[in-house]
Amino acid sequence: MNLEDFKDPSELKHYSNGELVQLANDIRQFLIEKLSVTGGHLGPNLGVVELTLILHQLFESPKDKFIWDVGHQAYVHKILTGRAGQFDQLRQYKGLCGFPKRNESDHDVWETGHSSTSLSAAMGMATARDIKGTDESVVAIIGDGALTGGMALEALNHIGHEQTDLIVVLNDNEMSIAPNVGALHNVLGRLRTAGKYKKAKEELEQLIKKIPAFGGKIASTAERVKDSLKYLLVSGIFFEELGFTYLGPVDGHDLEDLAENMKYAKKTKGPVLIHVLTKKGKGYKPAELDAKGTWHGLGPYKIESGEVVKKPGPPSYSGVFAETLKTIARVDKRIVALTAAMPGGTKLDVFAKEFPERMFDVGIAEQHATTMAGGLATQGMKPVFAVYSTFLQRGYDQLVHDVCRQNLNVLFAIDRAGLVGADGETHQGVFDIAYLRHLPNMKILMPKDENELQHMIYTATQYDGGPIAVRYPRGNGYGVKMDKQLQQLPIGKWEVLREGTDACILTFATMIPVADEAVSILQSQGLSVKLINANSVKPLDENMLRDIAKLNIPVLTLEEAALQGGFGSAVLEFFQENQFMVSMKRMGIPDEFIEHGSVNELLEEIGLTSANVADQLQTLLPQRRQRA
């Protein structure tokens, strides 16, 4: 069928099983074709087609609430709620968001992008329902990877204690992005092989009822026998001990099995967990065979071969980081690498191949990773926690309380710093300067190119004065010549890239090319502008700032980061505290969440372009001349 004609999920209530099977096939083909052009989260969505169909057939969205954890597996949900016609613009500028979006549809009741939040949100919605006395169902869909997040476990504990009517669908595909790790993952592994617990339990109950009760002996022991069955069939019984009715494991691609268990869950009082086994990438062989997480989320690809379309170019910043760390670790035995379920994205999988005993993937557990790094540092190790900027937010208290307060030698390799593009507002790495800069003992560096990055990583590993963060952007470097010998850079000393006498631009990293072009524009107009690579965000180069202030020229700061509390604010604070009267303007990310689109489109939208930088700097020049 033409999926663009599908407008309302209530239509599914009239579908036969055979029609649902055909629809599932149509949806998979649609996703494979559309995402081959736009890119996106293919593997997760191919795995939840039948599950999403049954949810929408048996429940009444948006009255009943579906909360998708992380949200990257909600494409099928979007198709069934009338958005198939927008998939040509999936994750494109002003197009369909790759995650649930409340202003996109009434069926999207909770926005996500980060992991492990669905159960807490579901508990809030279910509690509100009970207070108001309404009767809607609340269903949280969470992956086995997301279940390793501490927040999910906290919510499970609370839901089980309150005995709230709520359904948790555990979508178990044995992967989050990369293959899952940890003891809880092993518990789920035992559950997968345990067989149909609910069915066996019911059969035993029927058997007990047929036995004549000699006195009260059988009656008094019946419940204990049934409880003992859990230990016989399921070696973990994790969820039932938390207060949930456990159903499963259920074949996530068997429509009848799914429907039977979902109907049972709907009429069961208290919290229910349905353990659904799915195949990530189902229906597309390259994605099904993916063991590394390549097909979790990717760019365009060739459908016939499964070849990912990649433009040849310089190495990625992540790749340079990992290769540099590997080089250092061969000599420095203190180096220990950590990641929170992102070995592929951070490129630490490369490091792990050579140093498996010094690489730890802790699962989706940034809080634990941060404090574990602190613990390593107390014992003379040099821990390196590679983490996306947007995910480091999740370990903030540990960053403050456990690492910075104790002034521990932890290196935070902050990947995806700055705008990230298609993943949108939940993933833009624009807040970390503001939330790191005010922490005592923290140092923050960011390189102008991949060559400077390798030296910064080396510098940071040699620094033993406390915590230090090296930020670097998503994507490839510029193809600059890479020095063969690693060098230790002076922390807090900036670099003059272009001399000038009329004005000064202070910037760093990805904004340097933008600023350099702006300087050229102004030069063509007869103006001489100094350009500074402010590669140390904290500490500032105070000596250079004093020299600039004495020149009595206007200063413009430019950063691909939040303006409030950012680098420009730090410069402004320095001038004020030292009573320098400097005409100054700050440019950066405004006080709003930046949605999805290409990085260039987003920079254009918020005015971080060379033309606008030149225009903004010119507004300062007349003031200076008038004052003179």
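Below or above, wherever it landed, is the structure these notes cover. (Residues numbered from 1 in each chain as written. Predicted model: local features only at pLDDT ≥ 70, side-chain atom pairs only at ≥ 80, totals over all residues. Heavy atoms only, no water.)

## Looking at the nonpolar core
Ranked by size, the top nonpolar core spans 54 residues in total, and within it Phe 412, Leu 436, Met 442, Trp 494, Leu 506 and Phe 567 carry the most contacts. Among the elements that make up this core, the one with the highest residue count is helix α22 (residues 567-577) (five residues). Apart from residues no more than four positions distant in its own chain, Met 442 is found in contact with Leu 399, Cys 404, Phe 412, Leu 436, Pro 467, Ile 468, Ala 469 and Lys 538. In terms of nonpolar packing, the next biggest core, distinct from the first, is built from 51 residues, Leu 12, Leu 53, Ile 167 and Leu 255 among them. (Core = buried A, V, L, I, M, F, W, Y, C linked by side-chain atoms within 4.5 Å. Buried < 20%, exposed > 50% of the residue type's maximum accessible area, 1.4 Å probe, protein only. Helix = DSSP H or I, 4+ residues; strand = E, 2+ residues; numbered from the N terminus. Contact = heavy atoms within 4.5 Å.)

## A word on the sheet that holds strand β8 (residues 382-388)
The strand order β7-β6-β8-β9-β11-β10-β15 describes an open sheet built from seven strands, whose pairing is mixed. Each edge of the sheet is formed by a strand with only one pairing partner; in this case those strands are β7 (359-361) and β15 (536-538). For this sheet, the mean angle separating the axes of adjacent strands, direction not counted, is 20°. Pairing between β8 and strand β9 (residues 411-415): five bridges, direction parallel. Within the sheet, the bridge partner assigned to Val 387 lies in β9 and is Ile 414. Packing against the sheet, helix α13 (residues 317-329) makes contact with β6 (335-339), β8 and β9, and its axis sits at approximately 150° to β6. (Pairing = 2+ DSSP bridges. Axes fitted to C-alpha atoms, helices over the stretch in contact; angles between N-to-C directions.)

## Thoughts on the packing of helix α3 (residues 49-58) against helix α11 (residues 255-266)
For any two helices packed against each other, one specifies the crossing angle of their axes together with the interaxial distance. At a minimum axis separation of 10 Å, α3 and α11 run at an interaxial angle of 45°. As summarised for this structure, α3 and α11 are arranged oblique, according to the angle between their axes. Crossing geometry of α3 relative to α11 is assigned as right-handed. Along its contact with α3, which presents Glu 50, Leu 51, Ile 54, Leu 55 and Leu 58, the element α11 presents Leu 255, Leu 258, Ala 259, Met 262, Lys 263 and Lys 266. In the contact of α3 with α11, the residues fall into eight nonpolar, no polar and three charged. (Parallel < 35°, antiparallel > 145°, perpendicular 65-115°, else oblique. Left-handed = near helix turned anticlockwise from the far one by under 90°. Nonpolar A, V, L, I, M, F, W, Y, C, P; charged D, E, K, R; others polar.)

## Digging into the side chain of Lys 101
In this fold, Lys 101 is placed in the loop between α4 (75-83) and α5 (118-132). Contacts of Lys 101, omitting those with residues within four sequence positions, involve Asp 108, Glu 111, Glu 425 and Glu 595.

## Notes on a positive patch on the surface
On the surface, Lys 292, Lys 310, Lys 347 and Lys 353 cluster together to form a positively charged patch. Tracing the sequence through the fold places Lys 353 in helix α14 (residues 348-354). On the basis of relative accessible area, Lys 353 is assigned to the exposed category, the value being 71%. (Patch = residues over 30% accessible without salt bridge, like charges linked within 9 Å, V, L, I, M, F, W, Y side chains within 5 Å. Areas by Shrake-Rupley, 256 points an atom, 1.4 Å probe, with all protein chains shown as cover. Salt bridge = Lys/Arg side-chain N within 4 Å of Asp/Glu carboxyl O. Lys, Arg positive; Asp, Glu negative; His and termini not counted. Charge placed at Lys NZ, Arg CZ, Asp CG, Glu CD.)

## What to know about the packing of aromatic side chains
Each aromatic ring pair is specified by the distance between its two centres and by the angle formed by the two planes. In the structure shown here, the tally under the stated rule is 20 aromatic pairs. On the numbers, 4.9 Å between centres and 70° between planes, the contact of Trp 295 with Tyr 301 is edge-to-face. Each member of the pair, Trp 295 as well as Tyr 301, carries the same accessibility label: buried. (Phe/Tyr/Trp six-rings, centres within 6.5 Å; stacked < 30°, edge-to-face > 60°.)

## Overview of the pattern of salt bridges
The final tally for this structure, using the stated rule, is 28 salt bridges. Asp 415 is the salt-bridge partner of Arg 416, the closest N and O atoms lying 3.2 Å from each other. Ionic contacts of the salt-bridge type, sharing partners, join the residues Lys 78, Arg 83, Glu 104 and Asp 108 into one network.

By themselves these figures say nothing about function.
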